[in-house]
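Now for the letters of each chain:
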Amino acid sequence: MRFLLDADQRAFAGSLHAMLTAADTPAVIRDWSRGDHASGRALWSRIAGAGVFALAVPEEYGGLGPRPVELAVACIELGRHAVPGPLAETVGAAVLLGGPPLAERFLPGLAAGTDLATVAAPGGHAVDGDAASVRLSPAPGGLYLSTQAPGPVRRSLDPARRLTPLAPGGELLTPAPPYDRALTWIRLATAAQALGVGLALLDRTVAYVRQRTQFGVPVGSFQAVKHRLADARTALEFARPLLFGAAVSLRPADVAAAKLTACEAAYRTARTALHLHGAIGYTAEYGLSLWLTRARALRSAWGTPEECRELVLAEGL
C-alpha cells in the first residue's frame, strides 16, 4: 500500500528539518552525552513549540492530538537529526497519564515542553532519568512516580541515551495504567526515529562516496558500492509504508512489524555506512558515529527484533 503525505504534513516535516538543521544537533548531542543538558533543553523547548509533543496529547489538555500519523512524521525528522532526549518515552508518558485526574496534572507540561518524561522499561532502566522531571515506573502494583533522585548513569550503546535506574516505589499514580497502549505509541515513535536515522546515514554515505576517490575515480562509481546503497535504500523505503500503515491502525502487531522493519533497515544501513566510510567511521570525533550508535541502540529499545517477530507471528495466527 502506498501512503502519501498531504501538503500540511510535508510542510510540517520540512519546517522541522529546517529548524533542526540550523540547530547544530551534533553539538547538542555531544553536550547531552556529557550530562550537560542546557543546549538539549533549549532544543527540546523549540521542538515542543513546533507542536511535536502536543501530537500525543488531547486538545482538552493543551495538545493537538492524538495524531499518530503526524507524530510519526515528526519523529522521522527527529531521528534524521539524532535529537537526544527521552522522545519516545515522553510520548509514552502522555498515554500512561492520559486519564483524569492525572491528565490535568501532567499533560499540559508535557505538551508545552516544560517537562521531560521518561518511563522505566520492565525490569530495566529509564532513558535520561537524570534529565527528566517526570520519571515513571510501571510495576505489578500500578504506575509509580519516582520521587527520589535516579541512580548513577550507566553506559549505553549510544552515549546520548543515558540509562539510569529508578528507585522502586514512589507515588502511586494509578493501579491500572494503559501500559499496552503506551508501549504501542512508544514503539511507533521509536520506529519512526529509526527510519530517520537510516535515511540520514544513507544521505551521508552517498555524499561521502561521491567525494572519496580510489584509482582516480569516485568510490561511488563502483558497481558493488551502488548495489550496497541501493539495497539500503530499498530496505528503508519498504519500511516507510509499514510505519505509516501502523500509525493509521495502531494495532500492536502492525506497530511491532513497523518497528522491526524500520530498525533492521536502519541497522543494515549503519553497517553499510560504516563499511563504505572505512576506518574514519569508527572515530568518535567524526559525526557519523552519532547516527551509527543511535541505530544500534534503537534496534533493541522497547522490543528486540525477536520480541517484535513473536508478536507479529502471534497476532497472525
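Further up the page is the structure itself.
Residues numbered from 1 in each chain as written. Predicted model: local features only at pLDDT ≥ 70, side-chain atom pairs only at ≥ 80, totals over all residues. Heavy atoms only, no water.

Trainee: Got a sec to walk through the packing of aromatic side chains? Specific residues and values, please.
Mentor: Tallied over the full model, the rule gives one aromatic pair. Here W44 and F53 contribute two aromatic rings whose centre-to-centre distance is 4.5 Å and whose plane-to-plane angle is 20°, an arrangement assigned as stacked. Judged by relative accessible area, W44 falls into the buried class, the value being 2%. Above the face of the W291 ring, R204 is positioned so that its terminal group lies 4.0 Å from the ring centre. (Phe/Tyr/Trp six-rings, centres within 6.5 Å; stacked < 30°, edge-to-face > 60°. Buried < 20%, exposed > 50% of the residue type's maximum accessible area, 1.4 Å probe, protein only. Lys NZ or Arg CZ within 6 Å of the ring centre and 35° of its normal.)

Trainee: Let's hear about the pattern of salt bridges: which residues, and what values?
Mentor: Scanning the model with the defined rule gives 13 salt bridges in all. Measuring nitrogen to oxygen at the nearest pair gives 2.8 Å for the salt bridge that ties R105 to E171. One end of the pair, R105, is in helix α6 (residues 102-112); the other, E171, is in strand β6 (residues 171-174), with 66 residues separating them in the sequence. The partly exposed category is assigned to R105, whose relative accessible area is 44%. The salt bridge partner of R294 is D158, with a shortest N-O separation of 2.3 Å. Of the two residues, R294 is situated in helix α10 (residues 288-300) and D158 in the loop between β4 (142-145) and β5 (163-164); the sequence distance between them amounts to 136 residues. (Salt bridge = Lys/Arg side-chain N within 4 Å of Asp/Glu carboxyl O. Helix = DSSP H or I, 4+ residues; strand = E, 2+ residues; numbered from the N terminus.)

Trainee: For α10, give the residues involved together with the corresponding values.
Mentor: Taken residue by residue, α10 has L288, S289, L290, W291, L292, R294, A295, A297 and L298 as its buried positions. Directly beyond the C-terminal end of α10, a positive phi value near 55° is found at W302.

Trainee: Account for the side chain of D128, naming residues and giving values.
Mentor: You can see D128 is positioned in the loop between β2 (126-127) and β3 (134-139). Within the structure, the side chain of D128 is placed 3.0 Å from the side chain of W32, a separation counted as a polar contact. With near-sequence residues (within four places) excluded, D128 lies in contact with W32, G85, P86, A160, R161, R162 and T164. (Polar contact = N/O pair within 3.5 Å; in protein donor to acceptor, adjacent residues only side chain to side chain. Contact = heavy atoms within 4.5 Å.)

Trainee: Go over the nonpolar core, please, and point to the residues and values.
Mentor: Side chains that are nonpolar tend, in soluble globular proteins, to be buried together. Within the largest apolar cluster, 83 residues are counted, with the highest numbers of intra-cluster contacts made by I47, L97 and L136. With near-sequence residues (within four places) excluded, I47 lies in contact with M19, L20, V52, F53, L78 and V83. Residues A160, A194, C263 and L288 belong to the second largest nonpolar core, which totals 17 residues. (Core = buried A, V, L, I, M, F, W, Y, C linked by side-chain atoms within 4.5 Å.)

Trainee: Any details on the pairing of β3? Residues and values, ideally.
Mentor: Relative to β3, strand β1 (residues 117-119) runs parallel, the two sharing three bridges. When the sheet's bridge partners are listed, A117 is paired in β3 with V134. For β3 and β4, the ladder comprises four bridges, and the chain directions are antiparallel. Counted as the bridge partner of L136 is L145 from β4. With antiparallel pairing between neighbouring strands as the criterion, β3 and β4 make up a hairpin whose turn holds two residues. (Pairing = 2+ DSSP bridges.)

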